[in-house]
Amino acid sequence: MNKHFFRKFWWIFAALLILTGTVTLPAPTGSEGAYRVEAAPQRTTQTAGKEPEDKTSRAEVHFIDVGQGDATLIVCDGHAMLIDTGDNDRGTALQLYLSKQGIKRLDYLVLTHPDADHIGGADVIITKFAIGNVFMTDFKKDNKTYQKVITALADKKLKWSVPRPGRVYTLGGGKFTILAPNGTYDDPNNASIALLFQNGDTSFLFTGDAQEEAEQDILENGLSVKADVYQAGHHGSDTSSCAEFLEAVDPDYAVISCEEGNSYGHPHAAVLNSLRAMGVSVFRTDEQGSMIARSDGTKITWNSAPSDTWKAGERTGSGVQKQGAGTKGKGAYIGNKNNGKLHRATCEKLPQKENRAVFDTKKEAVDAGYDDPCKLCKP
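Not measured: the values here are computed from a predicted model.

S.K.: Provide a residue-level description of the overall build of the protein chain, including the pertinent values.
M.R.: Looking only at helices and strands, the protein chain has 11 helices and 19 strands in total. Across the 379 residues of the protein chain, 49% fall into the buried class. As displayed, the protein chain has an accessible area near 19800 Å², and 49% of this comes from carbon and sulfur atoms.

Rendered as structure tokens:
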């Protein structure tokens, strides 16, 4: 048999296979069912010398030294939040601190409660910076400090609101959850706004001056308070940081914002002992001044070493002792009934005896409406 026979046989055999459906030939190019060759998947290449883009949020938490008061700046991905503003005489210094950090706008201003050592500088901050949201507690005070804040807000046409527990707000790539207040309280300290700021796996807890009653309410609302960094409630007072609350927070670090030689004796020994027993590293503005904690979403680093003194304050009215007086506690502060000014008992500009209102502590005086500090003795 010649080659022509084999070629003829092959074509007959192939035709039989096609007719029986055993083999399907591809449609010719250009027909409706054209055979397609899928392109090979492209590989993602990295330009030599370039690192992959880092999407991790970076946050800084500035615990600002404002003496016997609170002021905390949180910056995350270029967005900023300020929690409290220190006392009446700290507004301008706080303004300069924020400006030095390049802050021109605050996404949030949180005024935890209306005590002067937390909102005293707010009128300056409200006046000098653009502000997106203002959060305040609904506890109101009938004194000059509170009225200055309300007037400043009105002048800037800013409205304020009381944030509800459980609400979550974003700050750059970070977020914060409102934890308190959880009810109506007779004490402004317990009415404090509390919040938990989180950046990645790191967290920071702020409770204002919330005392044990409010701490228990926070625990009962079921929201997590677990935090790496805890700003000790009420400046390290033993009215706050109760054992059950501290156990739930379980912090690695604690920050105590207070003034050296303050008349309240902050921080109190009981709180320091509890923190020490838990192995918590403590930072203090009375010893170290302002400090910064930086979070990359995974770990927290500090710009200073923690305190190693474990030294408690003394409830002795030591602010008066700074002026060289022997007075301790009773009668340490004098209010002027005529103009509302507050003086130290050793001030050279005390009013006449009939116009004096005498107080043992500065807080008592401020709560009574004497919240305009004398510029000479700086109470």
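Structure shown, so let's carry the discussion forward.
S.K.: Describe the pairing of strand β8 (residues 174-180), and please don't skip the residues or the numbers.
M.R.: By the criterion of burial, β8 is predominantly enclosed, with six of the seven residues buried. Strand direction decides the pairing type here: strand β7 (residues 168-171) and β8, joined by four bridges, are antiparallel. Residue pairing in the sheet places Val-168 in a bridge with Thr-177 of β8.

S.K.: How would you explain a negative patch on the surface if you had to name every residue and give the values?
M.R.: Residues Glu-212, Glu-220, Glu-244, Glu-247, Asp-250 and Asp-252 make up a contiguous surface patch of negative charge. For Asp-250, a relative accessible area of 39% corresponds to the partly exposed category.

S.K.: Quick rundown of the sheet that holds strand β10 (residues 202-206)? Include the residues and the values.
M.R.: Strand pairing in a sheet takes place through backbone hydrogen bonds and is either antiparallel or parallel in direction. The sheet built from seven strands is open, its strands ordered β7-β8-β9-β10-β11-β12-β13 with mixed pairing. With one partner strand each, in any of the chains shown, β7 and β13 (281-284) form the two edges of the open sheet. On average, adjacent strands in this sheet sit at an angle of 20 degrees to one another, irrespective of strand direction. Here strand β11 (residues 229-231) runs beside strand β12 (residues 253-256); their pairing, made up of three bridges, is parallel. Residue Tyr-230 lies in a different strand from β12, and its bridge partner there is Ala-254.

S.K.: Tell me about the nonpolar core, residues and numbers included.
M.R.: By size, the foremost hydrophobic cluster in this structure holds 28 residues, and its most contacted members are Leu-98, Leu-106 and Ile-126. The set of elements that each furnish at least two residues to this core consists of β2 (72-76), β3 (79-83), α2 (91-100), β4 (105-111), α4 (122-128), β5 (130-136) and α5 (144-155). Here this core takes four residues from α5, the largest share from any one element. Excluding its chain neighbours within four sequence positions, the residues that come into contact with Ile-126 are Leu-109, Ile-131, Val-149, Ala-152, Leu-153, Lys-156 and Leu-158. Within the second largest apolar cluster, 26 residues are counted, among which are Val-110, Leu-195, Met-291 and Ala-293.

S.K.: So what's going on with the pattern of salt bridges? Which residues, and what values?
M.R.: If you walk through the whole model with that rule in mind, you get 10 salt bridges. Asp-286 is the partner of Arg-284 in a salt bridge, and the nearest nitrogen-oxygen pair spans 2.8 Å. Neither Arg-284 nor Asp-286 differs from the other in exposure class; each is buried. For Lys-341, the salt bridge goes to Asp-372, with nearest N and O atoms at 3.4 Å. Taken together, the residues span a long stretch of sequence, with Lys-341 in strand β17 (residues 341-344) and Asp-372 in strand β19 (residues 372-373) at a distance of 31 residues. Take Lys-341: its relative accessible area is 27%, and that puts it in the partly exposed class. Its relative accessible area of 23% is what places Asp-372 among the partly exposed residues. Bridged by salt links that share partners, the residues Asp-89, Arg-90 and Glu-259 form one connected network.

S.K.: Describe the packing of aromatic side chains, naming the residues involved and giving the relevant values.
M.R.: For the structure on display, the rule yields 13 aromatic pairs. With 5.3 Å between their ring centres and 20 degrees between their planes, Tyr-169 and Phe-176 make a pair best called stacked. By relative accessible area, Tyr-169 is classed as buried at 15%. Residue class for Phe-176 comes out buried when judged on its relative accessible area of 0%. Here the aromatic cluster, defined as three or more aromatic residues joined through ring pairs, consists of Phe-63, Phe-206, Tyr-253, Phe-283 and Trp-302.

S.K.: Tell me what's going on with the environment of Ile-292, and back it up with residues and numbers.
M.R.: Mapped onto the elements, Ile-292 comes out in strand β14 (residues 291-295). Expressed as a C-alpha distance, the spacing of Ile-292 and Val-61, which sit 231 residues apart in the sequence, is 5.6 Å. Non-local contacts of Ile-292, meaning those with residues more than four positions away in its chain, are made with Glu-60, Val-61, His-62, Tyr-97, Thr-301, Trp-302 and Asn-303.

S.K.: How would you summarise helix α6 (residues 212-220) if you had to cite specific residues and measurements?
M.R.: The complete set of buried residues in α6 reads Ala-214, Glu-215 and Ile-218. The arc that holds every buried residue of α6, seen down its axis, measures 105 degrees, which confines them to one face. Where α6 is buried, its residues touch β8, β9 (194-199), β11 and α7 (243-249).

S.K.: How would you summarise the state of the cysteines if you had to cite specific residues and measurements?
M.R.: Taken as a whole and assessed by the stated rule, the structure comprises zero disulfides. The cysteine Cys-377 is free of any disulfide, with Cys-347 supplying the nearest cysteine sulfur at 3.7 Å. The class for Cys-377 is buried, based on a relative accessible area of 6%.

S.K.: Could you give an account of the confidence of the model for the protein chain, naming the residues involved and the relevant values?
M.R.: Mean pLDDT for the protein chain: 84, with 81% of residues reaching 70 or above. Counted against residues more than four places away or in other chains, residues 317-328, with its pLDDT under 50, gives 22 contacts.

S.K.: Got a sec to walk through the sheet that holds β19? Specific residues and values, please.
M.R.: Spatial ordering of the open sheet is given by β18-β16-β17-β19, a layout of four strands whose pairing is mixed. Looking at which strands have only one partner, the edges of the open sheet turn out to be β18 (356-359) and β19. As judged from the four bridges shared by strand β16 (residues 333-336) and β18, these two strands associate in the antiparallel manner. If you follow Ile-334 over to β18, its bridge partner there is Val-358.

Reading the values: the criteria
Residues numbered from 1 in each chain as written. Predicted model: local features only at pLDDT ≥ 70, side-chain atom pairs only at ≥ 80, totals over all residues. Heavy atoms only, no water. Helix = DSSP H or I, 4+ residues; strand = E, 2+ residues; numbered from the N terminus. Buried < 20%, exposed > 50% of the residue type's maximum accessible area, 1.4 Å probe, protein only. Areas by Shrake-Rupley, 256 points an atom, 1.4 Å probe, with all protein chains shown as cover. Pairing = 2+ DSSP bridges. Patch = residues over 30% accessible without salt bridge, like charges linked within 9 Å, V, L, I, M, F, W, Y side chains within 5 Å. Salt bridge = Lys/Arg side-chain N within 4 Å of Asp/Glu carboxyl O. Lys, Arg positive; Asp, Glu negative; His and termini not counted. Charge placed at Lys NZ, Arg CZ, Asp CG, Glu CD. Axes fitted to C-alpha atoms, helices over the stretch in contact; angles between N-to-C directions. Core = buried A, V, L, I, M, F, W, Y, C linked by side-chain atoms within 4.5 Å. Contact = heavy atoms within 4.5 Å. Phe/Tyr/Trp six-rings, centres within 6.5 Å; stacked < 30°, edge-to-face > 60°. Arc of directions from axis to C-beta. Disulfide = S-S within 2.5 Å. pLDDT = per-residue confidence, 0-100.

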